[in-house]
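The lines below spell out each chain.
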Amino acid sequence: MINRRQFLKSTTASGILATGSGWANAGTESLLHHPGKVKSVIFYYCRGGPAQGHTFDPPKEIENPDLHPFKFQQCGQSGLEISELFPHLQKRADDLCLIRSGYGAKATHAEGGVHVFTGASSLGASLGAWMLYGMGSGNPDLPGYVLLTGRVEGDKWALDDGAVHGGPRAIGAGGLPPSLQAQVIRDLEKPIANLGTMDSKEIQQRWLKELAAMNSEFTKRHPNVDELSSRIESYQTAYRMQTAAPEAFDISKEVENSQMRKRYGLDPQPTRSTGTKLLLARRLVERGVRFVLVPSMRTPNLEGGSVDWDTHTATTVRGGIPNLCRACDHPLAGLIEDLKERGLYDQTLVIWGGEMGRGGAGFMNHNGNGFTWWMAGGGVKPGIAWGATDELGYTAVENPVHVRDLHATILWMCGLDHHKLKHNGVGFDDSCQVVRGILS
Amino acid sequence: MTLAGTQSLRNQNIREKCGLEPYRLEAKADKRQFYPELVPAFVGDSRLLKRGDVLYPDKRIARGFPEFFGGELPELEGSGRLHLANWLTESESIQSALLARAFVNRAWQNLFGEALCRTPKELGRLGETPEMPELIDGLAARFVKSGWSVKSLIREIVMSDAYQQSSVMSGDKDAQNRYFARQNVRRLQTEPILNVLASIRRGKRFVSPAERDSELLGAIHYAKHFDSPTTDDLIERRTASITPSQALFLMNEPTAARQVAGDLTRRILNQSGKADFTEMLSKVYQSVLQRPPTEQEIEFAEGFVQRRRKQTGAENRVEEMKEFVHLLLCGNEVIYLE
């Protein structure tokens with residue numbers, strides 16, 4: 001086992017970190033505790049709390065047939081039961097690891113959103129921030145943790161840009177250094193602010209050289225203050241980002257390829273924006289970004305109005321869920337296929353899930369005691385269903401997995417041990433447990 | 001029913017369920033006057049909200065003080081804030097000792113950038129052990145003796161030898177400066193950065209944050225880039241991050257440092273007319289760093305101009321000066337305290 005100092009020395013020597021301190025002071029050094037399979041996470045977040053009973057966890061007993069109009073099929077070699085609303089993911093059943101026994105979520109949206117992303121430590125730091133803190137940046141020229149929202153041009157179907165319940169707190173750095181918080185992309189056309197410059201490269205290079213020379217007196221007076229040298233490096237990184245970020249976010253070449261358009265569903269209205277964002281997410285993880293969060297968007301309700309995954313009534317179930325599934329089914333299946341083709345599948349973890357489940361009192365009510373997430377990619381056993389809910393599908397009863405356990409498990413797949421991962425002595429809740437049964 | 005109607009009906013239901021008096025909303029003309037009868041009747045014990053939902057209030061929970069502090073617990077009436085204040089500052093009590101220690105520790109942190117006990121939220125077993133507990137205790141004892149006077153506490157700290165030390169490190173002992181033998185070099189917080197840039201741009205000080213922000217077009221971006229905490233979070237210490245997005249903001253954003261540099265240059269050129277370069281340079285340094293440039297810096301600035309002319313192949317007094325001011329504004333001395 002190498003310690004942090006040795007690791008730093010070795011990587012600096014081999015040039016990975018030699019280019020500078022990267023996105024920020026914190027989050028550039030790797031603190032890995034064991035070799036982890038997962039290098040990046042793409043999280044498709046279903047805003048509003050998706051109903052497990054309509055998607056990936058068929059209830060054994062149905063109280064009100066009006067609320068359960070959809071059929072489930074056994075799919076693939078594994079025979080996992082998946083709703084007919086996911087025809088593309090049904091074909092990928094043997095890749096999915098369904099976690100049907102999630103519990104410990106909060107049954108209100110805003111609090112639930114904060115809790116499901118930050119609930120594992122008292123620092124209030126989100127999962128992506130912890131991952132970046134522990135693993136270090138995978139590409140110092142790009143932000144390490146990205147929230148992708150927005151709609152592409154020509155999308156006349158989605159009704160909002162997508163957001164995370166709980167707002168900035170759900171994707172924040174909490175008590176970790178603030179530079180670890182998610183970089184929010186609001187406009188897919190113009191993702192990072194101030195990348196454009198009026199000066200030519202040569203002028204900027206001269207200017208940066210002058211800046212370093214001007215700061216040198218100040219820096220020489222305080223050789224022990226690390227911030228000063230990292231500040232100079234941050235200008236160099238910014239300079240490199242001016243070229244790296246537009247390149248990473250530029251999908252124009254890929255969308256010309258008809259195969260890619262088909263794979264991610266970039267032409268049909270329902271999948272246009274989601275497909276583009278997942279394609280972008282793949283480009284980002286390919287370039288070393290650690291955590292990409294893609295929230296679901298509001299979709300039209302077939303019976304009038306619009307919905308997100310907060311489907312309480314028979315109308316929203318019948319009219320809303322098919323469209324919500326349509327938006328993500330094809331692009332997610334395409335993403336898995338694309339990751340496999342590019343050899344990224346083994347080091348990327350794709351997650352689908354929301355801030356809570358549904359069921360319990362009032363049938364389709366908010367439910368923190370049972371929810372389903374699925375994962376696919378490096379780190380998880382494919383083609384299994386972990387745990388189970390009770391007869392009605394409301395409460396996790398078999399092998400229950402707490403929200404905190406999910407965090408600990410994902411971090412474990414990344415090579416991080418939640419017992420050891422601490423910032424200023426503060427780390428994860430003692431009750432966190434790694435779910436060994438789903439690890440590949 | 002209208003949306004507002006539904007809302008008010010819902011509020012009515014909550015009040016009925018809780019047995020709460022509604023707010024008395026009669027407007028009084030003079031808002032500066034305190035009207036006790038306008039204080040909502042239900043300031044007092046709160047109800048347990050089932051699963052945190054205001055729609056499901058449960059039993060009333062009586063207010064009180066943490067019992068582990070021991071001592072007599074006073075009867076509470078009204079809002080209870082006065083009782084809380086009295087209880088917290090009760091002489092010779094455990095809670096007042098903790099309050100005084102926590103307070104002087106935070107005052108020290110605000111003045112030095114680091115606290116005596118590095119975990120200001122946790123002064124007990126869960127926190128770090130301070131290197132100089134006697135210093136905290138001494139300050140705390142004098143703070144209480146002075147009648148909890150914040151002013152005399154701050155005066156004592158800033159008049160101390162420790163506060164007046166230079167930030168230059170001599171020798172190689174105590175790299176982390178745990179013993180405060182020198183001052184810490186630290187980055188300014190958002191508001192001082194705004195103050196500095198706004199006053200450089202206009203050449204005057206501002207009386208209010210609102211007036212200041214109206215002078216800087218990109219004012220809202222500074223909070224985002226320079227770690228201003230949000231109102232959602234309780235934090236015990238502000239962080240000073242260093243990010244490339246900060247650098248991009250200062251380098252490229254036309255309404256930030258670039259604009260400030262342009263305005264300062266224009267003002268100085270207008271004032272000094274045909275003054276020579278060195279004279280203008282000293283005005284720039286005076287405005288930006290409140291000191292005249294050193295010999296070395298004058299030489300550097302002249303070199304800067306020469307190198308620029310060589311690259312662009314043209315001479316342009318305004319652009320040259322503008323670019324140099326922009327450079328100064330992006331440098332460390334503007335936003336770091338020595």
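None of these values were measured; they are calculated from a predicted model.

Asks: Mind laying out the overall build of chain A, listing which residues take part and the relevant values?
Replies: Of regular secondary structure, chain A possesses 12 helices and 17 strands. Its C-alpha atoms give chain A a radius of gyration of 22 Å, within 12% of the compact-globule value 22 Å for 440 residues. Seen through its C-alpha atoms, chain A measures out along the principal axes to roughly 75 × 50 × 35 Å. Classification of the 440 residues of chain A by burial places 59% in the buried group. Contacts spanning at least 24 positions in sequence make up 77% of the contacts within chain A whose residues lie at least 6 apart.

Asks: So what's going on with the overall build of chain B? Residues and values would help.
Replies: Within chain B, the secondary structure is distributed over 14 helices and four strands. The 338 residues of chain B split such that 20% are buried. When contacts within chain B are restricted to residue pairs at least 6 apart in sequence, those whose partners lie at least 24 apart make up 43%.

Asks: Before we move on, can you summarise the pairing of strand β7 (residues 291-295) of chain A with the specific residues and values?
Replies: All names here are of chain A. A large share of β7 lies buried, amounting to five of its five residues. Sheet analysis places strand β1 (residues 40-46) next to β7, joined by five bridges and oriented parallel. When the bridges of β7 are listed, Val41 appears paired with Phe291. Pairing of strand β5 (residues 145-148) with β7 involves three bridges; the strand directions are parallel. Across the sheet, Leu147 pairs through a bridge with Leu293, a residue of β7.

Asks: Tell me about the domain arrangement of chain B, and name the residues and values.
Replies: Domain assignment breaks chain B into domain 1 (3-61), domain 2 (94-158) and domain 3 (185-338). Distance between the C-alpha centres of domain 2 of chain B and domain 3 of chain B: 35 Å.

Asks: Can you break down the environment of Asp310(A) residue by residue, with the values?
Replies: All names here are of chain A. Considering the arrangement of structural elements, one finds Asp310 in the loop between β9 (306-307) and α11 (314-341). Sequence spacing of Asp310 and Gly48 is 262 residues, and the spatial spacing of their C-alpha atoms is 4.2 Å. Excluding anything up to four places from it in sequence, Asp310 contacts Gly48, Gly49 and His109.

Asks: Account for the interface of chain B and chain A, naming residues and giving values.
Replies: At the junction of the two partners, chain B supplies 33 residues and chain A supplies 38 residues. For the side of chain B that touches chain A, the secondary-structure elements that each account for two or more residues are α9 (244-252), α12 (295-312), α13 (317-330) and α14 (332-335) of chain B. The element best represented in the side of chain B that touches chain A is α9(B), accounting for seven residues. Among the residues making up the side of chain B that touches chain A, the classes are represented as 14 nonpolar, 11 polar and eight charged.

Asks: Kindly report on the confidence of the model for chain B, identifying the contributing residues and their values.
Replies: Residues and elements named next belong to chain B. Mean pLDDT over chain B works out to 84, with 86% of the residues at or above the 70 mark. When mean pLDDT is taken per element in chain B, helix α5 (residues 150-158) scores highest with 97 and helix α1 (residues 3-18) scores lowest with 56. When the criterion is pLDDT under 50, residues 21-26 qualifies, and its contacts beyond four places in sequence or with other chains add up to six contacts. Across the predicted assembly, pTM comes out at 0.71 and ipTM at 0.81.

Asks: Which residues make up the nonpolar core, and what values go with them?
Replies: Considering soluble globular proteins, one finds that nonpolar side chains tend to be buried as a cluster. Judged by nonpolar contacts, the single largest core of 151 residues is most densely connected at Cys97(A), Val292(A), Leu293(A), Val294(A) and Trp374(A). Sort the elements by how many residues they give to this core and α11(A) lands first, with 11 residues.

Asks: Give me the environment of Met321(B): which residues, what numbers.
Replies: Residues and elements named next belong to chain B. Structurally, Met321 is set in helix α13. A tally of 23 C-beta atoms within 10 Å means that Met321 is categorised as buried. Once the C-alpha coordinates of Met321 and Phe304 are considered, the two residues, 17 residues apart in sequence, prove to be 9.8 Å apart. Filtering out sequence-adjacent residues up to four positions away, Met321 remains in contact with Thr265 and Met280.

Asks: Please give an account of the packing of helix α5 (residues 127-135) of chain A against helix α12 (residues 403-413) of chain A that cites residues and values.
Replies: The relative placement of two packed helices is expressed as an angle between their axes plus a distance between the axes. All names here are of chain A. The N-to-C vectors of α5 and α12 enclose an angle of 30°; their axes lie 11 Å apart at closest approach. By the criterion of interaxial angle, the relationship of α5 to α12 is roughly parallel. Relative to α12, the crossing made by α5 is right-handed. From α5, Leu127, Trp130, Met131 and Gly134 reach across to α12, where they touch His407, Ile410 and Leu411. Tallied by class, the residues present in the contact of α5 with α12 amount to five nonpolar, two polar and no charged.

Asks: Which residues make up α12(A), and what values go with them?
Replies: With 11 of 11 residues buried, α12(A) is to be regarded as a mostly interior element. Phi turns positive one or two residues past the end of α12(A), at Gly415(A), with a value near 95°.

Asks: Describe the confidence of the model for chain A, and please don't skip the residues or the numbers.
Replies: Residues and elements named next belong to chain A. Within chain A, residue pLDDT values average 88, and 93% of them lie at 70 or more. Within chain A, the lowest mean pLDDT, 38, falls on helix α1 (residues 4-14), and the highest, 98, falls on β1. Below a pLDDT of 50 lies the segment residues 1-26, which in the model reaches 48 contacts outside its immediate sequence neighbourhood of four places, other chains included.

Asks: Pulling in residues and values, what's your account of the pairing of strand β13 (residues 371-377) of chain A?
Replies: Residue and element names in this part refer to chain A. Counting buried residues along β13, seven of its seven residues qualify, which places the element largely inside the surrounding structure. Neither face of β13 is exposed, since Phe371, Trp373, Met375 and Gly377 on one face and Thr372, Trp374 and Ala376 on the opposite face are all buried. Where strand β4 (residues 97-103) and β13 come together, four bridges link them in antiparallel fashion. Looking across to β13, one finds that Ile99 is bridged to Trp373.

Asks: Describe in detail unusual backbone geometry, supporting the description with residues and values.
Replies: Residues other than glycine seldom take positive phi values, yet Asn399(A) does so here, at roughly 45°. With respect to the element layout, Asn399(A) can be found in the loop between β16 (396-398) and β17 (401-402). We note that Trp148(B) has phi near 55°; this positive angle belongs to a residue other than glycine. Tracing the chain through its elements places Trp148(B) in the loop between α4 (133-145) and α5. On the basis of neighbour counts, which here come to 15 C-beta atoms within 10 Å, the residue Trp148(B) falls in the partly exposed class.

Asks: Lay out the environment of Glu303(A) with the relevant residues and their values.
Replies: Mapped onto the elements of the fold, Glu303(A) is located in the loop between β8 (299-300) and β9. Excluding residues within four positions of it along the chain, Glu303(A) makes contact with Thr315(A), Arg318(A) and Gly319(A).

Here is what the cut-offs are and how they apply
Residues numbered from 1 in each chain as written. Chains lettered and ligands numbered in written order. Predicted model: local features only at pLDDT ≥ 70, side-chain atom pairs only at ≥ 80, totals over all residues. Helix = DSSP H or I, 4+ residues; strand = E, 2+ residues; numbered from the N terminus. Rg over C-alpha atoms; globule rule 2.2 N^0.38 Å. Buried ≥ 20, exposed ≤ 12 C-beta atoms within 10 Å, placed from the backbone. Contact = placed C-beta atoms within 7 Å. Pairing = 2+ DSSP bridges. Domains from an automatic or database assignment. Nonpolar A, V, L, I, M, F, W, Y, C, P; charged D, E, K, R; others polar. pLDDT = per-residue confidence, 0-100. Core = buried A, V, L, I, M, F, W, Y, C linked by C-beta atoms within 7 Å. Axes fitted to C-alpha atoms, helices over the stretch in contact; angles between N-to-C directions. Parallel < 35°, antiparallel > 145°, perpendicular 65-115°, else oblique. Left-handed = near helix turned anticlockwise from the far one by under 90°.

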